[in-house]
Number of protein chains: 2
Amino acid sequence: MALEEILIIGGVAAGLSAASRARRLSPSAHITVLEKGPVAGYGACGLPYFLSGRIASLDRLLAHPPEFFRKQRNIDLRVNHEALAIEPGRRRVAVRAEGKAEQWFGYDRLVIATGARSHWTPPGLRNVFAANTWAQVEALDRALTGENLRRVTVVGGGYIGLEVAEALRLRGLEVTLIDRRGTLLHGLEEGLAAALPGLVRAAGITLHQGVNAEGLEGAAGGRVLGVRTAKGVIEADAVINCAGLRPEVALAQAAGVTLGRFGGIEVDDRQQTNLAGIFAAGDCAETRDRVTGRAIWVPLGAAANKQGRVAGQNAAGGAAARFAGVLGTLAVPLFGEEWGRTGLSLEQARAAGYDAATETVAGESQAGYLAPRPITVTLVYQPSTARLLGCHLRGAPGTVAGRLGVAAVALAAGMKLEELEQQDLPYAPGLAPLYDPLLIAAHNARSH
Amino acid sequence: MALEEILIIGGVAAGLSAASRARRLSPSAHITVLEKGPVAGYGACGLPYFLSGRIASLDRLLAHPPEFFRKQRNIDLRVNHEALAIEPGRRRVAVRAEGKAEQWFGYDRLVIATGARSHWTPPGLRNVFAANTWAQVEALDRALTGENLRRVTVVGGGYIGLEVAEALRLRGLEVTLIDRRGTLLHGLEEGLAAALPGLVRAAGITLHQGVNAEGLEGAAGGRVLGVRTAKGVIEADAVINCAGLRPEVALAQAAGVTLGRFGGIEVDDRQQTNLAGIFAAGDCAETRDRVTGRAIWVPLGAAANKQGRVAGQNAAGGAAARFAGVLGTLAVPLFGEEWGRTGLSLEQARAAGYDAATETVAGESQAGYLAPRPITVTLVYQPSTARLLGCHLRGAPGTVAGRLGVAAVALAAGMKLEELEQQDLPYAPGLAPLYDPLLIAAHNARSH
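Cut-offs and rules
- Residues numbered from 1 in each chain as written.
- Chains lettered and ligands numbered in written order.
- Predicted model: local features only at pLDDT ≥ 70, side-chain atom pairs only at ≥ 80, totals over all residues.
- Heavy atoms only, no water.
- Helix = DSSP H or I, 4+ residues; strand = E, 2+ residues; numbered from the N terminus.
- Patch = residues over 30% accessible without salt bridge, like charges linked within 9 Å, V, L, I, M, F, W, Y side chains within 5 Å.
- Areas by Shrake-Rupley, 256 points an atom, 1.4 Å probe, with all protein chains shown as cover.
- Salt bridge = Lys/Arg side-chain N within 4 Å of Asp/Glu carboxyl O.
- Lys, Arg positive; Asp, Glu negative; His and termini not counted.
- Charge placed at Lys NZ, Arg CZ, Asp CG, Glu CD.
- Buried < 20%, exposed > 50% of the residue type's maximum accessible area, 1.4 Å probe, protein only.
- Contact = heavy atoms within 4.5 Å.
- Buried area = accessible area lost by both parts, 1.4 Å probe.
- Polar contact = N/O pair within 3.5 Å; in protein donor to acceptor, adjacent residues only side chain to side chain.
- Pairing = 2+ DSSP bridges.
- Axes fitted to C-alpha atoms, helices over the stretch in contact; angles between N-to-C directions.
- pLDDT = per-residue confidence, 0-100.
- Least-squares fit on C-alpha atoms with pLDDT ≥ 70 in both.
- Domains from an automatic or database assignment.
- Nonpolar A, V, L, I, M, F, W, Y, C, P; charged D, E, K, R; others polar.

A separate point is unusual backbone geometry. The phi angle at Ala-371 of chain A is positive, at roughly 50 degrees, despite the residue not being glycine. Residue position: Ala-371 of chain A is located in the loop between strand E23 (357-364) and strand E24 (374-382). Notably, Asn-74 of chain B is not glycine yet its phi reads approximately 55 degrees, a positive angle. Counting through the fold element by element, Asn-74 of chain B comes out in the loop between helix H3 (68-71) and strand E3 (76-78).

All names here are of chain A. A surface patch of positive charge is lined by Arg-117, Arg-180, Arg-181 and Arg-246. Secondary-structure assignment places Arg-117 in strand E8 (residues 116-118). Take Arg-117: its relative accessible area is 36%, and that puts it in the partly exposed class.

Attention shifts here to the interface of chain A and chain B. In this complex, chain A contributes 54 residues to the contact, which on the side of chain B involves 54 residues. Here chain A meets chain B over a buried area of about 4,700 Å², counting both sides, of which 62% is carbon and sulfur. When the buried surface of chain A facing chain B is broken down by residue, Tyr-369, Asp-424 and Leu-431 of chain A rank first, second and third, together holding 16% of it. Applying the counting rule to chain A against chain B returns zero salt bridges. At the surface where chain A touches chain B, the tally comes to 16 residue pairs in polar contact (both at pLDDT 80 or more). The element best represented in the side of chain A that touches chain B is helix H11 (residues 401-412) of chain A, accounting for nine residues.

This brings us to the pattern of salt bridges. If you walk through the whole model with that rule in mind, you get 28 salt bridges over all chains. In this structure, the salt-bridge partner of Arg-171 of chain A is Asp-141 of chain A, at a minimum N-O distance of 2.7 Å. Residue Arg-171 of chain A is found in the loop between helix H5 (159-170) and strand E11 (174-179), and its partner Asp-141 of chain A is found in helix H4 (residues 134-146); the two are separated by 30 residues along the sequence. Residue classification places Asp-141 of chain A among the buried positions, given a relative accessible area of 19%. One salt bridge connects Asp-269 of chain B with Arg-322 of chain B, and the closest N-O pair in it is separated by 3.0 Å. One end of the pair, Asp-269 of chain B, is in the loop between helix H8 (250-254) and strand E18 (278-280); the other, Arg-322 of chain B, is in the loop between helix H9 (301-315) and strand E21 (330-334), with 53 residues separating them in the sequence. For Asp-269 of chain B, a relative accessible area of 31% translates into the label partly exposed. Each of Arg-70, Asp-76 and Arg-78 of chain A takes part in salt bridges that share partners, so that together they form one network.

This paragraph deals with the sheet that holds E21 of chain B. All names here are of chain B. Ordered by their spatial adjacency, five strands build an open sheet running E21-E22-E25-E24-E23, and the pairing between neighbours is antiparallel. Here the strands that pair on one side only, and so sit at the sheet edges, are E21 and strand E23 (357-364). In this sheet, adjacent strand axes meet at a mean angle of 15 degrees when their direction is disregarded. Sheet topology places strand E22 (residues 337-343) next to strand E25 (residues 387-395); six bridges connect them, and they run antiparallel.

Turning our eyes to something else, we now look at the confidence of the model for chain A. Of all residues in chain A, 99% have pLDDT values of 70 or greater, and the mean over the chain is 96. Complex prediction metrics read pTM 0.96 and ipTM 0.95.

Its rotation angle being 180 degrees, the transformation that places chain A on chain B also includes 0.0 Å of axial translation and leaves an RMSD of 0.0 Å. The transformation just described matches what one would write down for a two-fold rotation axis. Residues of chain A ranked by C-alpha distance from the rotation axis are headed by Gly-402 of chain A, positioned 1.8 Å from it. Comparing interface residues between copies, 100% of those in chain A also lie at the interface in chain B; the contact surface is shared.

Residues and elements named next belong to chain A. What the domain assignment lists for chain A is domain 1 (5-116 + 246-315), domain 2 (120-243) and domain 3 (339-447). Distance between the C-alpha centres of domain 1 and domain 3: 35 Å. Across the domain 1 to domain 3 interface the summed buried area is about 520 Å²; carbon plus sulfur atoms make up 57%. Broken down residue by residue, the surface that domain 1 buries against domain 3 is led by Arg-290, Val-291 and Thr-292, which jointly contribute 75%. At the boundary of domain 1 with domain 3, the tally comes to zero salt bridges. There are three residue pairs in polar contact (both at pLDDT 80 or more) connecting domain 1 and domain 3. Here the side of domain 1 that touches domain 3 is built from residues that sort into one nonpolar, one polar and three charged.

Written out as structure tokens, the structure is:
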């Protein structure tokens, strides 16, 4: 019997998780990972920490040295290898590697983990960057330093745009942030997000809200000069495109893989696509929302990793692993505070057909006599059933992640407000308040 | 119709919660709280912070000024009023107040919230203290300062003994801690608790483990001179009795209230005793363990408060409130780290008839490139069903409370390890790791 061939397109979060899991399940398979960028297996969520200077080198984002996968895990990892086309009928993938002729890689099982790409494709001018990948961030850093660029404009006020703007400001640059919406960190409940513009400006960032990037102005030499908006041109030495992501599905789509309503690859809970032997995982794939039970597309690192493991296990023919779906749990430290959400927003809940309401409580992290720090909780719930639908948080450092976890487990268990209120959470004067703001919010919502 | 009379014995956690809740439900009832001590409604869990000097005055432990309950809540709060006997047949309680003749207080509904008392009753010598109540801690503090006592011996290495020993050491005293068991913080999984003796000694505290306090040595004037043990007399200027608690049930028992197998008052999930119109709540009462479904006695502040609310609501004749039971969730900062547990210990699980095992993972609080802090998780689970039974944690400051909450909700939902592993907990490099140690422990336990 020929060695089983497991081929994986994409070598960041989902792809390398799939490869590692497949290796564990199948010691004998030949496992190949094709990564089009120069580096695989890095922590993409940490890229802003390199831009800010908090970590000195991109290498810090590597959990393992580059040779680890080949030598320790016996995974045939090929960087700078770009997949060009999938031929499902012949079970092979056309690949271009730097300085080599196109070649075919055959497979018995294929995992597509092509990730996401920027929604906005700016014109091809010099000093226009994105900040989603190692290569993009390396290029941005090189240009900022090498050309001593001082005025940078970040397009997009989602969490990545905010992280990048804050990082570049910490680096000492003149930063402008423009966002086409009226609220920053869209998706976080507005009452919490409303604090962000003031914090952004207090950090010394010039903020333009409700302003669309209509195009770029360029010099004769192809260098960017600014961002064109309805309010005029915002001059810039560099522009960073953080205007949101879309699933990267061109390869899959061309091969006949079915896409879902959000444009991501449609998979079942085994991460299997419509084509035999082809799995997909990570930001290129849709998944299931654990609250609504419906398809959703949420590009987040932890889910990508977990989906990759499921895809890898199933590709290796192991026990049928299933992915439980996501709550879109997101936490991000920004401007000295922490922000997070899990489950639905009010807007999402209403769009999904729930009668929905919110309850907000401003509470504290611990007993009042021990220097408590502020936390604000907004619960999203369904008044008719008293079911919890979502939880959004803003708080001082250290106050958000644990509470998000509590809410995420309560959501996964389908808890009602009364059940949430009765949870036996820890209390200690120096660690946690007698009644956690989560419990108070559940109580108040129930008392209306 | 005569005004309904709700009488509450005890004015700390459970008693005042009951009074406040009853007042909310019944604007017309006459509500009386009898507190035998000089102060009511203080945060007893904060007493060690006064002993250490971290808060300058005991008044900081009052959520409300003394006149608040009478003036703002219309609650007839009587401090220095000691209940002497309950006559259930005539629905009245005999009460002694300082400088007054004994009097009777009638009731329509009675809530017993008499709390707990020290297990060990040391001989009546001067400079022997406990540290459970405002009055006890005030007396201790006055003696330490007024008589310039330097050598203190704390008897009992549970969480209160450890907190008191650490606080007195922070105050600059010579502290000795003696504990009759072989492990400190008994009830926390031994693998985690094993780190404590070293930390206790590193803090400059003299520690004697496996040593029983057999009695006290006293001087002719009635002043304590030391603690008598099998290893000889441990000299001390003051002795603090932290040798564990028992439910304070003398009043209830004399009135014919049924006790449970742990010696606490037996109540149903409405906090109702066997006697009509008599409720009990807080440390004097037993409650239900949410994992085993059986009776348990766990004297902890948060549960006392919540039970008090339920008792108060039901005493006021409101909607039938029910208490959901406890997981014994406990968190405590000690010696620069945090320690906590929720659900069962291995010992408790086996005693309850579960085949049980533990899984321990040493993990980190966040991404490796952002100065992560250590966390150790021990899960207690049932291998035959893969059900989670308990979670014990030791970690750096800020790492324990949130994870305990996550585990508590998972326990309340009756989750299996596989479900715990699939929880969508937050990930952000600076806030939480890609795979939380809780999820890794669940995965590893499942993989055996």
